[in-house]
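For reference, the chains in residue letters:
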Amino acid sequence: MKVWMWILLIGLMLAAMFGEIILPHSSTTAWWSGVYFFWAIFGFVGCVVLIYFAKYIFKAIVQRKESYYDEL
C-alpha cells in the first residue's frame, strides 16, 4: 500500500476510537455495550477465526493431490 493510504487508514481508525470514547453509548441492557472497542475487537477476532478456519479446515476438505485426475 502507498504511504497516503496507510496515513488515511490510521487516521480513520483513530477517529473511530476517539468517537468510541467521546460519544455516549446507547442505553441498552447488554453488558458488552459498555465495553470500549468491543465491536472492533469482536470483528477482528471473527475475521481471524474465519481466515484460519478457511485456511486449515477447508483446505483439508477441498484440496486434492496434483495427480487426482490421472488416477480416475
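As a reminder, the structure under discussion sits directly above these lines.
Residues numbered from 1 in each chain as written. Predicted model: local features only at pLDDT ≥ 70, side-chain atom pairs only at ≥ 80, totals over all residues. Heavy atoms only, no water.

A.B. asks: So what's going on with the packing of aromatic side chains? Residues and values would help.
C.D. replies: The full count for this structure, using the stated rule, is 6 aromatic pairs. Where Tyr36 meets Phe37, the ring centres are 6.4 Å apart and the plane angle is 50 degrees; that geometry is what we call tilted. Each ring, one from Phe53 and one from Phe58, has its centre 5.1 Å from the other, and the planes form 85 degrees; the classification is edge-to-face. The class for Phe58 is partly exposed, based on a relative accessible area of 40%. Cluster of aromatic residues (ring-pair linked, three or more members): Phe38, Trp39 and Phe42. (Phe/Tyr/Trp six-rings, centres within 6.5 Å; stacked < 30°, edge-to-face > 60°. Buried < 20%, exposed > 50% of the residue type's maximum accessible area, 1.4 Å probe, protein only.)

A.B. asks: Lay out unusual backbone geometry with the relevant residues and their values.
C.D. replies: In the Ramachandran plot, Phe37 falls in the positive-phi region, its phi being about 65 degrees despite a non-glycine side chain. Looking at the element boundaries, Phe37 is found in the loop between helix 1 (3-22) and helix 2 (38-62). (Helix = DSSP H or I, 4+ residues; strand = E, 2+ residues; numbered from the N terminus.)

A.B. asks: Go over a nonpolar patch on the surface, please, and point to the residues and values.
C.D. replies: A cluster of nonpolar side chains, contributed by Met1, Trp4, Met5, Trp6, Leu8, Leu9, Ile10, Leu12, Met13, Leu14 and Met17, occupies part of the molecular surface with about 1200 Å² of accessible area. Relative to the assigned elements, Met1 resides in the segment before helix 1. (Patch = residues over 30% accessible without salt bridge, like charges linked within 9 Å, V, L, I, M, F, W, Y side chains within 5 Å. Areas by Shrake-Rupley, 256 points an atom, 1.4 Å probe, with all protein chains shown as cover. Salt bridge = Lys/Arg side-chain N within 4 Å of Asp/Glu carboxyl O.)

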